[in-house]
Structure formats: structure tokens, C-alpha cells
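Each chain, written out:
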Amino acid sequence: MKNRVNHRVRTLVLISILLALVVVSLGAYTRLTHAGLGCPDWPGCYGLIDVPATAEQIIKAEQAFPERKVEAHKAWNEMIHRYFAGALGLLILAIAFMSYRQRDQGTPLRLPMLILVVVIFQAALGMWTVTMKLMPIVVMGHLLGGFTTLSLLFLLYLRLADFRVPGGDFAIKKYGRYGLIGIVLLTAQIGLGGWTSSNYAALVCTELPICQSGWQEQLTFEDSFDLIPPEKDSYEFGHLSHASRVTIHVVHRLGAIVTGLYLFWLALMVFRKSQSAFFKNAAISLAFILSCQILLGISNIWFSLPLAVAVSHNVVAACLMLSLITLTYSLRRKL
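Just so it is clear, the model here is predicted, and its values are computed rather than measured.

K.L.:
Residues and numbers for the overall build of the chain, please.
P.N.:
When you go through the chain residue by residue, the secondary structure sums to 10 helices and zero strands. By residue count, 50% of the 335 residues in the chain fall in the buried class. Put simply, of all contacts in the chain between residues at least 6 apart along the chain, 79% involve residues at least 24 apart. When the accessible area of the chain is evaluated, it comes to approximately 16600 Å², of which 66% is carbon and sulfur surface.

K.L.:
Pulling in residues and values, what's your account of the nonpolar core?
P.N.:
Grouped together as the largest cluster of nonpolar side chains are 57 residues, with contacts concentrated most on Val13, Leu153, Val270 and Leu327. Listed by contribution, the elements that provide at least two residues to this core are helix H1 (2-32), helix H3 (72-101), helix H4 (110-131), helix H5 (136-160), helix H6 (175-198), helix H8 (242-273), helix H9 (277-302) and helix H10 (307-334). Looking at which element gives the most residues to this core, the answer is H10, with 12 residues. Among the nonpolar cores identified, the runner-up in size contains 12 residues, and Trp195, Ala201, Val204 and Val250 belong to it.

K.L.:
Just give me the short version of a positive patch on the surface, but keep the residues and values in it.
P.N.:
A surface patch of positive charge is lined by Lys173, Lys174, Arg177, Arg272, Lys273 and Arg332. Tracing the chain through its elements places Arg332 in helix H10.

K.L.:
Describe H4, naming the residues involved and giving the relevant values.
P.N.:
Residues that lie three or four places apart on an α-helix share one face, since the helix turns once every 3.6 residues. With 22 residues, H4 should cover 32 Å at 1.5 Å per step; its first-to-last C-alpha distance of 32 Å lies within 8% of that length. Turning to H4, its buried residues are Leu111, Pro112, Ile115, Leu116, Val118, Val119, Gln122, Ala124, Leu125, Gly126, Thr129 and Val130. Residues of H4 that are buried sit in contact with H3 and H5. Note on H4: the residue one or two positions beyond its end, Lys133, has a positive phi of about 55°.

K.L.:
So, the side chain of His81: which residues are in play, and what are the values?
P.N.:
Its location among the elements puts His81 in helix H3. On the accessibility criterion, His81 (11% relative accessible area) is buried. Here His81 is in contact with Val23, Leu26, Gly27, Thr30 and His142, once residues within four sequence places are set aside.

K.L.:
Describe the state of the cysteines, naming the residues involved and giving the relevant values.
P.N.:
Under the criterion given, the structure shown has two disulfides. A sulfur-sulfur separation of 2.1 Å characterises the disulfide bridge that pairs Cys39 with Cys45. Torsion about the S-S bond of the Cys39 and Cys45 cystine: about -85°, corresponding to left-handed handedness. The exposure class of Cys45 is buried, given its relative accessible area of 0%. What pairs with Cys205 in a disulfide is Cys211, and their sulfur atoms sit 2.1 Å apart. Here Cys205 and Cys211 share a disulfide; its torsion about the S-S bond, -90°, makes the bridge left-handed. Cys211 carries the same exposure label as Cys205, and that label is buried. Taken in sequence order, the bonded cysteines of the chain link in the pattern 1-2, 3-4.

Rules behind the numbers
Residues numbered from 1 in each chain as written. Predicted model: local features only at pLDDT ≥ 70, side-chain atom pairs only at ≥ 80, totals over all residues. Heavy atoms only, no water. Helix = DSSP H or I, 4+ residues; strand = E, 2+ residues; numbered from the N terminus. Buried < 20%, exposed > 50% of the residue type's maximum accessible area, 1.4 Å probe, protein only. Contact = heavy atoms within 4.5 Å. Areas by Shrake-Rupley, 256 points an atom, 1.4 Å probe, with all protein chains shown as cover. Core = buried A, V, L, I, M, F, W, Y, C linked by side-chain atoms within 4.5 Å. Patch = residues over 30% accessible without salt bridge, like charges linked within 9 Å, V, L, I, M, F, W, Y side chains within 5 Å. Salt bridge = Lys/Arg side-chain N within 4 Å of Asp/Glu carboxyl O. Lys, Arg positive; Asp, Glu negative; His and termini not counted. Charge placed at Lys NZ, Arg CZ, Asp CG, Glu CD. Expected span 1.5 Å × (residues − 1). Disulfide = S-S within 2.5 Å.

The structure is reproduced here in C-alpha cells:
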């Protein structure tokens, strides 16, 4: 009975993971197409559940929101993202409800409830993204909230799947702790990526490996990382000086170097020290996804942030996090 119960919840969690990946992708697409304010209200769009389409609807919408002309393509980008995010929220609510009903049958309860709390807060961040006119800290928080939701769902799936790994490989005992450090570093790097994007600093450095010549003289930390910015009517297209944006971009690049080297080292050590094919394959997978992510980051600079590459950079970052969670969870569960 317990296995049948867990199987139903696990199937729902797997669907939620796939949907969360779609939501992360759509969030990146919405942000990169400058559609974050495509709908100036929340949760609807110009007071509708879809996008104004008829001439009468457009006139009423622009009268109600005179500061925001209707741009249907941007509004649809935003609303499609909201539809998928709403569907994900309902799935997570169902998972939490089923977990509560079946708590006496061995189904985890605390983790589903935590995911529900996170997704409710994530919905609030989505609302604040609009009402606070793309304030960078809110946009970055919304990005991190999406990654957190996805990661927690994946962790729940691993628990429900009774994920089994080979034992007896004591040579890699300590790398479970190093995996946790890697998760912290990668989370910080994803946050830096969100801060770079939300401050429109992705294209201020056009050369590799750090930035164009003279970047050292432009570094300024006076307001580059102020979490509460000066009050503005809108933060769309950024509010910081060029030097501040260069500083943000450079810090993101340096963070990528540090995180990349650390994760490559972790993958190499697990591969070399382990006698298990499972852990060797997990290390290879981590290194491969990390290599893809680095190549996508380079491509963003080399080809001036093409939309497909920039969205893929977000999606592969999510896959990299899931790969690292798998390795770390396996190491710690085995021990």
C-alpha cells in the first residue's frame, strides 16, 4: 500500500519537475524579451484573464493604464508564463494535500509543505515584480525562487523514489560535504546571474575572459550591489551607471570562474576516488553539463546575447543544479 501511495505522489512530483523546468524557461524568455511589464497589473492583464485583443479592449486597457501602451506580443509572453506558473502552483498544492492525507503511510510531509510555502512566496514575488516595476532585488529573488522550487521538487522526487546507491565506497566519504559547498557556490552564482540580468548588465563586457581593456579602472562597489535602490517610476532597462554595470558583470564572470573550477575539481575527485560506476557516471554528468554551461556563457558574449542561447543558459544552469543535487544527495545518503 505504501509503495502504491508513494508512486502516485511521485508521478505527480515528476510532472511538477518537468513543468517547473518549463516555467524557468518561460521566465527567462519573458525577462530576455523585456516582457516583464508586458502586463502592468497582476494576476490578470489590463484587467483581463488574457491579453486585450479587440480595438475596444485595447482602448479601455490604455485608458486604465495610460503609462503602458498595449504590446500584445510582450503581454502574451508574460501571460503564458503566468498560466504555466499557476498550473505548477496547483500541482504543488495537490502534492501537499496528498502528502498530508497520506502522512501516516510513510509519505514525506515537511518537504512538500516547505515547497508549498516557497511557491506561495514565489507567487508574491511574481506580483511584486510587476507592482515594483522590475526592481532588481525582486527580479533576482523571483529567479532564485524558481530555482528553489525546482530543486526542492527534485529532492522530494529522490526521496520518494527510494533512491539507492552502492555502499562501501568510503574513499569518497568527505565529498558529500564538498557537494553541499558546491550547491552554495552555484546558488550564489545563479543569484549573480539574476542580478546581472535584472540590472541589464549582460552586454556591458564584450570581450573575454573578464572584460574589455580598462575594466579595472571602472570598478565601483558604491551602488553596484545595493539591494534597495533609489525609488524610480520603473527599473525597466536599468538604472545604474555604466561603471556599476561593468562591476556587476565582472563579479559575475569571476564568480563563474571560481564556481566552475570548484565543480570541475569536485567531479574530478569523485571520479578518481570512487570505485563505483554510479559515482563515476554522476561525476562525468556533472562535468559535461558544467562544460555546456560554460560554452553557453561564452556564446552569450561572443554572439551578443542571442535569445536562444541566453534562455538555454538559464535552463542548463537548472540542469547543473539538479545534477549537483543528485551527486550530493547520493553521497550523503550512501553514508
